[in-house]
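Listed below, chain by chain, are the residues.
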Amino acid sequence: MGYAHVYAHEIMHRGRVPMEPADFVPDWADRPRKAKFHPDAETLPLPESPEPPEQAVGGVRGFTLPLLSGMLRDSYGLTGRRLAVQANTDLAALPHYTHANWSRGTASGGGLYPVSVHWAAGPGGPLTPGLYHYAPHQHGLRRLLTGDVTGEVRSALGPGAGAAAAATQYLVLGVKYWQNAFKYNSFSFHAVSMDVGALVQTWRLWAARYGLRIDPVLWFDEERLARLLGVAPEEEGIFAVVPLTWDGAPGAGQPGAAPAPDVTPAPETAPAVRHRDVERSRRVLVFETLRRIHEATAGRAADRPAPDALDAAAAFPPRGGDPLPLPAPPAPPVTTRRALRERRSSFGRFDASRPLAAGPFAAALADCAATAYGTEAERPGGPPLTSLYAFVNHVEGIAPGAYAYDPAAHTLRLRVPGPPGSFLQRNYFLSNYNLEQAGAVIVPTLRTTAVLDAVGDRGYRLVGATIGAVAQTFYTTAAAFGLGAGVALGFDNISYREELGLTGTDEAPLLIMLLGHDRPRPADFRHEIA
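Note that the structure is a prediction, hence the values are computed from the model and not measured.

Q: Explain the overall build of the protein to me, please; I cannot follow it from the model alone.
A: Scanning the protein from N- to C-terminus turns up 13 helices and 16 strands. Here the protein holds 530 residues, and the buried ones make up 58% of them. Across the protein, the fraction of contacts at a sequence separation of at least 24, relative to all contacts at a separation of at least 6, is 80%. Only carbon and sulfur atoms are counted for the fraction: they give 54% of the accessible area of the protein, which is about 20,800 Å².

Q: Quick question: what am I supposed to make of the environment of Lys-36 here?
A: With respect to the secondary-structure elements, Lys-36 resides in the loop between α1 (3–12) and β1 (42–45). In this structure, the C-alpha to C-alpha distance between Lys-36 and Glu-279, residues 243 residues apart in sequence, is 7.9 Å. In this view, Lys-36 contacts Ser-116, His-118, His-133, Arg-142, Gln-179, Val-231, Glu-236 and Asp-277; residues no more than four positions away in its chain are not counted. Within polar-contact distance, the side chain of Lys-36 engages the side chain of Glu-236 at 2.8 Å.

Q: Would you explain the pairing of strand β14 (residues 484–488) in this entry?
A: Every regular strand shows the same layout, with side chains that alternate between the two sheet faces. Counting buried residues in β14 gives four out of five residues, a clear majority hidden from the surface. Pairing analysis gives five bridges linking β14 to strand β16 (residues 512–516), with the strands arranged antiparallel. Residue Gly-484 lies in a different strand from β16, and its bridge partner there is Gly-516.

Q: Looking at this structure, I do not really get the sheet that holds strand β4 (residues 115–121). What am I missing?
A: In any sheet, the strands associate via hydrogen bonds between backbone groups, in a parallel or an antiparallel arrangement. Reading across from one edge, β1-β6-β5-β4-β7-β8 is the order of the six strands in this open sheet, with antiparallel pairing throughout. The two strands at the open ends of the sheet, each matched to only one other strand, are β1 and β8 (236–244). Taking each pair of neighbouring strands and ignoring which way they run, the sheet shows an average axis angle of 30°. Where helix α3 (residues 150–157) meets the sheet, it contacts β4, β7 (169–176) and β8, and its direction lies at approximately 70° from that of β7.

Q: What exactly am I supposed to notice about the confidence of the model for the protein here?
A: Detailed reading of the predicted model is not advised wherever pLDDT is low. The pLDDT averaged across the protein works out to 91; a share of 90% of its residues lies at or above 70. Confidence over residues 252–261 falls short of pLDDT 50; this stretch has 21 contacts with residues more than four positions distant or in other chains.

Q: Sorry if this is basic, but what is going on with the packing of α3 against helix α6 (residues 222–229) here?
A: Packed helices, taken two at a time, are described by their axes: the angle between them and the distance between them. The interhelical angle for the contact between α3 and α6, taken along N-to-C directions, is 160°, at an axis separation of 8 Å. With respect to each other, α3 and α6 are oriented roughly antiparallel. The two elements α3 and α6 cross, and the hand of that crossing is left-handed. Taking contact as the criterion, the partners of Glu-152, Val-153, Ser-155 and Ala-156 in α3 are, on α6, Arg-224, Leu-225, Arg-227 and Leu-228.

Q: Can you help me understand the nonpolar core in this one?
A: A general feature of soluble globular proteins is that nonpolar side chains tend to end up buried together. Within the largest apolar cluster, 111 residues are counted, with the highest numbers of intra-cluster contacts made by Phe-63, Trp-119, Trp-203 and Phe-361. Apart from residues lying up to four places away in sequence, Trp-119 is in contact with Leu-65, Leu-68, Pro-126, Leu-127, Gly-130, Leu-131, Tyr-132, Leu-141, Gln-169, Tyr-170, Leu-171 and Trp-246. Within the second largest apolar cluster, 24 residues are counted, among which are Val-149, Leu-157, Ala-161 and Val-273.

Q: Which parts of the structure should I look at to understand the side chain of Arg-461?
A: Mapping Arg-461 onto the fold places it in helix α12 (residues 459–480). When its relative accessible area of 1% is taken as the criterion, Arg-461 is described as buried. Apart from the residues within four sequence positions on either side, Arg-461 is in contact with Tyr-177, Phe-189, Ser-193, Leu-218, Glu-222, Ile-238, Phe-239, His-294, Thr-297 and Ala-298.

Q: Hey, could you run me through the packing of aromatic side chains in this one?
A: Enumeration over the complete set of coordinates arrives at 21 aromatic pairs. Between Trp-119 and Tyr-132 the ring centres are 6.2 Å apart and the planes differ by 45°, which places this aromatic pair in the tilted class. You can see Trp-119 sitting in strand β4 and its partner Tyr-132 sitting in strand β5 (residues 130–135), a full 13 residues away along the chain. The exposure classification of Trp-119 matches that of Tyr-132, with both residues buried. Summarising the aromatic geometry, the rings of Trp-206 and Tyr-210 are spaced 5.3 Å apart at their centres and angled 35° between planes, so their arrangement reads as tilted. Judged by its relative accessible area of 2%, Trp-206 is buried. A relative accessible area of 8% means that Tyr-210 is categorised as buried. One aromatic cluster is present, formed by Tyr-7, Tyr-177, Phe-189, Phe-239 and Tyr-460 through successive ring pairs. Between the NZ or CZ atom of Arg-461 and the centre of the ring of Phe-239, over which it lies, the distance is 4.1 Å.

Q: Can you walk me through α6 in this structure?
A: Quick reminder: α-helices carry 3.6 residues per turn. Residues three or four places apart thus point the same way. For α6, a buried count of six out of eight residues is recorded, marking the element as mostly surrounded by other parts of the structure. The set of residues buried in α6 consists of Glu-222, Arg-224, Leu-225, Ala-226, Leu-228 and Leu-229. Sitting at the head of α6, Asp-221 places a side-chain oxygen 3.3 Å from the backbone nitrogen of Glu-223. Count one or two residues on from α6 and you reach Gly-230, which has phi positive near 75°.

Q: Got a minute to help me understand the environment of Gly-2 in this structure?
A: Residue placement: Gly-2 occurs in the segment before α1. Taking the C-alpha atoms as reference points, Gly-2 and Leu-452, separated by 450 residues in sequence, lie 8.4 Å from one another.

Q: Where do I start with the pattern of salt bridges in this structure?
A: Where charged atoms from two side chains of opposite charge come close, those side chains can pair. Overall, the coordinates contain 22 salt bridges when judged by the stated rule. Between Asp-74 and Arg-341 there is a salt bridge; the shortest N-O distance is 2.8 Å. Here the residue Asp-74 occupies a position in helix α2 (residues 65–76), and Arg-341 occupies one in helix α8 (residues 336–342), the gap between them amounting to 267 residues. You can call Arg-341 partly exposed: its relative accessible area is 35%. In this structure, Arg-224 engages Glu-152 in a salt bridge whose closest nitrogen and oxygen atoms are separated by 2.8 Å. One end of the pair, Arg-224, is in helix α6; the other, Glu-152, is in helix α3, and 72 residues separate them in sequence. The same class applies to Arg-224 as to Glu-152, namely buried.

Thresholds, definitions, all that
Residues numbered from 1 in each chain as written. Predicted model: local features only at pLDDT ≥ 70, side-chain atom pairs only at ≥ 80, totals over all residues. Heavy atoms only, no water. Helix = DSSP H or I, 4+ residues; strand = E, 2+ residues; numbered from the N terminus. Buried < 20%, exposed > 50% of the residue type's maximum accessible area, 1.4 Å probe, protein only. Contact = heavy atoms within 4.5 Å. Areas by Shrake-Rupley, 256 points an atom, 1.4 Å probe, with all protein chains shown as cover. Polar contact = N/O pair within 3.5 Å; in protein donor to acceptor, adjacent residues only side chain to side chain. Pairing = 2+ DSSP bridges. Axes fitted to C-alpha atoms, helices over the stretch in contact; angles between N-to-C directions. pLDDT = per-residue confidence, 0-100. Parallel < 35°, antiparallel > 145°, perpendicular 65-115°, else oblique. Left-handed = near helix turned anticlockwise from the far one by under 90°. Core = buried A, V, L, I, M, F, W, Y, C linked by side-chain atoms within 4.5 Å. Phe/Tyr/Trp six-rings, centres within 6.5 Å; stacked < 30°, edge-to-face > 60°. Lys NZ or Arg CZ within 6 Å of the ring centre and 35° of its normal. Salt bridge = Lys/Arg side-chain N within 4 Å of Asp/Glu carboxyl O.

In structure tokens form, the structure reads like this:
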């Protein structure tokens, strides 16, 4: 049993046994930047992107620079300023510009956005081949290295990478741990794993409008890619490689295409970036738990699991009372881009005076149940890894209680009858939500230990990213229907396991997702006319 099992146990029990260092207090005055900073690198502005179509379109052969620009802006680019009156604890600081909170399409634990996006641009693309870093505040690309390094990426992917080995363009996702650990210390690895999944799911939702696929690769030689990016492996984890199908590159990224020739130099002469990130914090702390879980999950391409390995960790069939049919999920009334631009957390603004309609509630359940991280370790058409439960407070036509969702039949099965508001609020640790005022609280679970047993310690990154992807789908669906939403990690996981009757199983409740109506006419800041 690897260290990831120990970490997973500590995460599940942290509501009762605090993780070390239990007395940690963030030094907000010395906090890091929310994005990397390369002061001497040239920044290339990205072009305007086309408005995504109302309906999904076919016939797009691959990404273009405007399409990639649009996907980056709508996922991690700054799209507005958040200054609405709400109940989160950071509200007092937000009116000060130095503490401004900028909205983005992708959710992030604590609003910290620690994922770094690098583009390994190869031949056939619109730019000089090289390695570029996406600068979200400038919506531009910082050129870190000139020259084709896609062979180095392919070598890191190793054998068995499938169609990814034939691509000529790659997005490489890293996490600079200090950008999250300064606030969440040992817990940060759990949070940033979800951040990666949320970002990849945003890309998947966005690209699907054009018929393009986003298929992340999770198993690779992480140390080799860290060397290429010029980062210390113990300070930044490389969490995913996303091959892109590019318009104008015949066969690139397509299944069955011949892999591009590998002319990668030996490790001792391998390329590495010259421009390095400059840290803002004067004092950077090292947390032993974070160091150990990073080392335990560090990637090795040779450890890539068999395509059917995760079948042993499939979600259990839903159990409960007689099935309660749900209405067919209605079509979302707005485009994915608009939903991403309007995504936000409600932070205490839920209003139970208007019950949640059953249709949007059913859509949120169906969309979340259909979400997967989609790595090479997950067999196409294989069984789902996640289960969904719903605590219903105020939903039209559904009696209050805790339910299991059956995605195959699109029904609910009663687990615990009666209003759940008292249980929900009693087991929530923060003061920024009144959970009883939400129409429903949806809880995704995943068999964490079964995943780790099936694919090894690196599977913990898959666990977190899968739950993060579900959370991003939830937020996007809620915004598309004009509903309030919130996702929280500050709850007693064990109490939820006991309440739902999951004791004795390895199902782990890892998030709570709040859905309902916000109070009408909230006070907000009109950043677009400021």
